[in-house]
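Residue-level listing of the chains:
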Amino acid sequence: MSEQRTTAAGGMETSYGFKSVDQAEKQGLVNEVFHRVAGRYDLMNDLMSGGLHRLWKDAMVAWLNPPKRAGWKVLDVAGGTGDISFRIIEASHRQAHATVLDINGSMLAVGKERAEKRGLAANTDFVEANAEELPFDDETFDAFTIAFGIRNVPRIDVALSEAYRVLKPGGRFLCLEFSEVDMPVLDKIYEQWSFNAIPRIGQMVTGDGEPYSYLVESIRKFPNQPNFAAMISRAGFDRVTYRNYSGGIAALHSGWKL
């Protein structure tokens, strides 16, 4: 494991990329990043993953396998633009209902517009709130999903506990996140691409490279697969497991509230 990575013991609370900041400052700094990239979020993920994020998200929804019946509810956290929620709704033959929660209003505005254009407004709610303080009753949702968002939450352990709280017994937790590459050659190639190419391309394409530098650094700081799995287990989840995609560039973590 890279010495720069935090562990299951914590550390992301005061990490803004490679900078150490006061815990009270981090959320505001992260919010500003996503205000700046909200309109280019798909481009951002394309740059970060070489376009593979679309396949990983499809795989996430396939593993979730939402039922094709009315009344099934998913909470998609840090999902402002609707990428995961829309896939889930379509996979359920438009039977599922998705509550899209994000702390960033700019991201939610993009998602609302997309929901209207796709005819999915009736299947979605959009809520501006913090993953560390979910505004829902206990045992409300059948599934909890979060894709490429958990590493931006200052207190990850608190967010995981909240996920457990709002899930119904038998509910599913799924988290897709950039992780630690486990292939010797690929890890070097990906490191060079991440730290050298992505911020420069972001600067050229969007005129603003700083958000991309933060996002690359936040990936490197995030706990690796076994450490994050340990955090999920510590939050109370059972049958915790994960799948690596593209040599560990991304990992999909699963847990159940039993």
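Refer to the structure presented above.
Our subject in this report is the structure included herewith. All of these numbers come straight from a predicted model, not from anything done at the bench.

1. Some thoughts on the packing of aromatic side chains
Then, number 1: In this structure the tally under the stated criterion is eight aromatic pairs.
Then, number 2: Considering the side-chain rings of Trp-56 and Phe-148, the 6.3 Å spacing of their centres and the 50° angle between planes classify their relative orientation as tilted. One end of the pair, Trp-56, is in helix α3 (residues 53-64); the other, Phe-148, is in the loop between β6 (141-147) and α6 (156-166), with 92 residues separating them in the sequence. Residues Trp-56 and Phe-148 agree in their burial class; the two are buried.

2. Looking at the nonpolar core
For soluble globular proteins, nonpolar side chains are generally found buried alongside one another.
Then, number 1: Counting residues in hydrophobic clusters, the biggest one holds 31 residues, and the most contacted among them are Trp-56, Met-60, Trp-72, Ile-88, Leu-176, Phe-178 and Leu-252.
Then, number 2: If you list the elements that add at least two residues to this core, you get α3, α4 (83-91), β4 (97-102), α5 (105-118), β6, β7 (167-178) and β9 (250-256).
Then, number 3: Per-element accounting of this core gives the leading share, five residues, to α3.
Then, number 4: One finds Leu-101, Leu-134, Phe-144 and Val-166 within the second-largest nonpolar core, a separate group that totals 27 residues.

3. Some details on the pairing of β7
The side chains of a regular strand alternate between the sheet's two faces.
Then, number 1: The element β7 is largely enclosed, with a buried count of nine among its 12 residues.
Then, number 2: Pairing between β6 and β7: six bridges, direction parallel. Looking at the pairing, Ile-146 lines up with Cys-175 of β7.
Then, number 3: The parallel pair β6 and β7, bridged by α6, forms a crossover whose chirality is right-handed.
Then, number 4: Where β7 meets β9, seven bridges bridge the pair, whose relative direction is antiparallel.

4. Looking at the pairing of strand β5 (residues 124-128)
Then, number 1: Direction of pairing for β4 relative to β5: parallel, over a ladder of five bridges. Bridge pairing links Ala-98 to Thr-124 in β5.
Then, number 2: Read from β4 through α5 to β5, the crossover connection turns out right-handed.

5. A few points about the sheet that holds β4
Then, number 1: The seven strands are arranged β5-β4-β3-β6-β7-β9-β8 in an open sheet whose pairing can be described as mixed. The two strands at the open ends of the sheet, each matched to only one other strand, are β5 and β8 (238-245). Neighbour-to-neighbour, the strand axes of this sheet turn through a mean angle of 15°, independent of strand direction.
Then, number 2: The strands touched by helix α9 (residues 225-234) within the sheet are β7, β8 and β9, with β8 carrying the most contacts at an inclination of about 155°.

6. Considering α4
Along an α-helix, residues three or four positions apart point the same way, because every turn accommodates 3.6 residues.
Then, number 1: Buried within α4 we find Asp-83, Ile-84, Ser-85, Phe-86, Ile-88 and Ile-89.
Then, number 2: Downstream of α4 by one or two residues, His-93 has phi in the positive range, about 60°.

7. Thoughts on α3
Then, number 1: Here α3 is 12 residues long and its end C-alpha atoms lie 16 Å apart, about the 16 Å a rise of 1.5 Å per residue gives.
Then, number 2: Within the sequence span of α3, burial applies to His-53, Trp-56, Lys-57, Met-60, Val-61, Trp-63 and Leu-64. All buried residues of α3 lie within an arc of 160° about the axis, which places them on one face of the element. Structural note: α3 exposes Leu-55 and Ala-62 on the side pointing more than 90 degrees away from its buried face.

Reading the values: rules and limits
Residues numbered from 1 in each chain as written. Predicted model: local features only at pLDDT ≥ 70, side-chain atom pairs only at ≥ 80, totals over all residues. Heavy atoms only, no water. Phe/Tyr/Trp six-rings, centres within 6.5 Å; stacked < 30°, edge-to-face > 60°. Helix = DSSP H or I, 4+ residues; strand = E, 2+ residues; numbered from the N terminus. Buried < 20%, exposed > 50% of the residue type's maximum accessible area, 1.4 Å probe, protein only. Core = buried A, V, L, I, M, F, W, Y, C linked by side-chain atoms within 4.5 Å. Pairing = 2+ DSSP bridges. Right-handed = clockwise from strand over helix to strand, strands pointing away. Axes fitted to C-alpha atoms, helices over the stretch in contact; angles between N-to-C directions. Contact = heavy atoms within 4.5 Å. Expected span 1.5 Å × (residues − 1). Arc of directions from axis to C-beta.

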